[in-house]
Amino acid sequence: MRALVFLLVVAVANARVYDRCELARILKNSGMDGYWGVSLADWVCLAKWESDYNTDATNHNTDGSTDYGIFQINSRWWCNNGYSRTSNACGISCSELLSPNLSVAIRCAKRVVRDPNGIRAWVAWRLHCQGRNLSSYIAGCGV
Ligand SMILES: *[C@@H]1O[C@H](CO)[C@@H](O)[C@H](O)[C@H]1NC(C)=O
Ligand SMILES: *[C@@H]1O[C@H](CO)[C@@H](O)[C@H](O)[C@H]1NC(C)=O
């Protein structure tokens, strides 16, 4: 029980919800603005609707795979979670996508967007960002 409480405390301490503009600045500094033709506002909008900027977000899918982290990257294709069948195209453990340090998640998101589907791989982007005026997502961020 003590071990369980300890683990829960660690899990909560590691959760990190980014501020919209802080995320925009990190993504910009990581070369995401215009990466593979995807604007910075698209990335921020995507993160908003996929995870609400929460690096700790996980969601289970009906096919048995799980989506991880701020960009909700899927274990079927991109990362290994140790139990679902995976192509692991990012060559990482899925838990690395939950880190408050976004460097692994950003590197993997760049890998995802280089695939033929591009940013359309993200359902939330198609539903909430595609074809919209996204200027509010980076407004006032100085980016
Ligand atoms: C995040 O991790 C990368 C790779 O390990 C490291 O180079 C970088 O300094 C870290 N960033 C922060 C803000 O800690
Ligand atoms: C997008 O919205 C902003 C703020 O409402 C506005 O200033 C801008 O002109 C709009 N851009 C387009 C292309 O409609």
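Residues numbered from 1 in each chain as written. Chains lettered and ligands numbered in written order. Predicted model: local features only at pLDDT ≥ 70, side-chain atom pairs only at ≥ 80, totals over all residues. Heavy atoms only, no water.

**Thoughts on the side chain of S65**
Okay, step 1: Structurally, the position occupied by S65 is in the loop between β1 (58–60) and β2 (66–68).
Okay, step 2: We classify S65 as buried; its relative accessible area is 2%.
Okay, step 3: Polar contacts involving the side chain of S65 include one to the side chain of D63, which spans 2.6 Å.
Okay, step 4: For S65, the contacting residues outside a window of four places in its chain are N59, H60, N74, S75, R76 and S84. (Helix = DSSP H or I, 4+ residues; strand = E, 2+ residues; numbered from the N terminus. Buried < 20%, exposed > 50% of the residue type's maximum accessible area, 1.4 Å probe, protein only. Polar contact = N/O pair within 3.5 Å; in protein donor to acceptor, adjacent residues only side chain to side chain. Contact = heavy atoms within 4.5 Å.)

**Regarding the UniProt feature "domain: Glycosyl hydrolases family 22 (GH22)" (unreviewed entry) in the chain**
Okay, step 1: Feature annotation in UniProt assigns "domain: Glycosyl hydrolases family 22 (GH22)" (unreviewed entry) to the following positions: residues 90–108.
Okay, step 2: Along residues 90–108 one finds 32% helix and 0% strand; the C-alpha atoms at either end are 5 Å apart. (UniProt positions renumbered as here; feature names shortened; annotations may be inferred.)

**Digging into the confidence of the model for the chain**
Okay, step 1: Averaged over the chain, the pLDDT score is 92; the fraction of residues at 70 or greater is 90%.
Okay, step 2: The low-confidence segment residues 5–11, where pLDDT is below 50, has one contact with residues more than four positions distant or belonging to other chains. (pLDDT = per-residue confidence, 0-100.)

**Concerning the sheet that holds β2**
Okay, step 1: The three strands lie next to each other as β1-β2-β3, forming an open sheet whose pairing is antiparallel. A single partner strand is all that each edge strand has here, and the edge strands are β1 and β3 (73–74).
Okay, step 2: Note: β1 against β2, three bridges, orientation antiparallel. Within the sheet, the bridge partner assigned to T58 lies in β2 and is Y68. (Pairing = 2+ DSSP bridges.)

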